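Observations on the model geometry
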Amino acid sequence: MSIRLRLDKPWKPLTDEEAARLPGQLGVYQVADASGTVLYIGHAGGRSPFGLRSELQREFRERGSGCLFRTEVNMQYRSRWFELLMVHKADHGSLPADNAKNPPPIGRLSPS
């Protein structure tokens, strides 16, 4: 059995229309620049009124066009968020640029 740590779904353009198609469910997401460099790893939790949909609509309003996103529906969104941050740090040596501005307390992970 293979355990998937990295979020490897295809990127979608971050637009209001794409965000409006998302489910109102809990989960995690990544936002990247046009070249696929991850800028931010976020989560849609219990305080997100319409889950992933509202979080990505907010991201679009704040960032404008030209970015990409991908999501994962996950009821354990907070643990998965920490996991994605730790994997990114292990792979790249640092957190994504926008997460590094206000870093959450995370541990270390050594994925293979």
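Here is what the cut-offs are and how they apply
- Residues numbered from 1 in each chain as written.
- Predicted model: local features only at pLDDT ≥ 70, side-chain atom pairs only at ≥ 80, totals over all residues.
- Heavy atoms only, no water.
- Pairing = 2+ DSSP bridges.
- Helix = DSSP H or I, 4+ residues; strand = E, 2+ residues; numbered from the N terminus.
- Contact = heavy atoms within 4.5 Å.
- Axes fitted to C-alpha atoms, helices over the stretch in contact; angles between N-to-C directions.
- Expected span 1.5 Å × (residues − 1).
- Buried < 20%, exposed > 50% of the residue type's maximum accessible area, 1.4 Å probe, protein only.

A word on the sheet that holds strand E3 (residues 38–44). Reading across the sheet, the four strands line up as E1-E4-E2-E3 and stay open at both edges, with antiparallel pairing between neighbours. Since the sheet does not close on itself, it has two edges, and those belong to strand E1 (12–13) and E3, each with one partner. As defined by bridge partners, strand E2 (residues 27–32) adjoins E3 across six bridges and the pair is classed as antiparallel. For Val 28, the partnering residue across the bridge sits in E3 and is His 43. Running at roughly 20° to E2, helix H2 (residues 51–63) makes contact with E2, E3 and strand E4 (68–73) of the sheet. Most of the contacts of helix H3 (residues 77–92) go to E3, to which it runs at about 165°, and overall it touches E2, E3 and E4.

Bringing H2 into the picture now. Side chains that are three or four residues apart share a direction in an α-helix, a result of its 3.6 residues per turn. Across its 13 residues, H2 extends 18 Å between first and last C-alpha, which sits within 8% of the 18 Å expected from 1.5 Å per residue. Of the positions making up H2, those classed as buried are Gly 51, Leu 52, Ser 54, Glu 55, Leu 56, Gln 57 and Glu 59. Summarising the contacts, the buried residues of H2 are in contact with helix H1 (16–20), E2, E3 and E4. Backbone geometry just downstream of H2 places Gly 64 in the positive-phi region, at approximately 80°.

Further remarks concern the environment of Gly 51. Considering the arrangement of structural elements, one finds Gly 51 in helix H2. A relative accessible area of 3% means that Gly 51 is categorised as buried. With near-sequence residues (within four places) excluded, Gly 51 lies in contact with Gly 24, Gln 25 and Ala 44.

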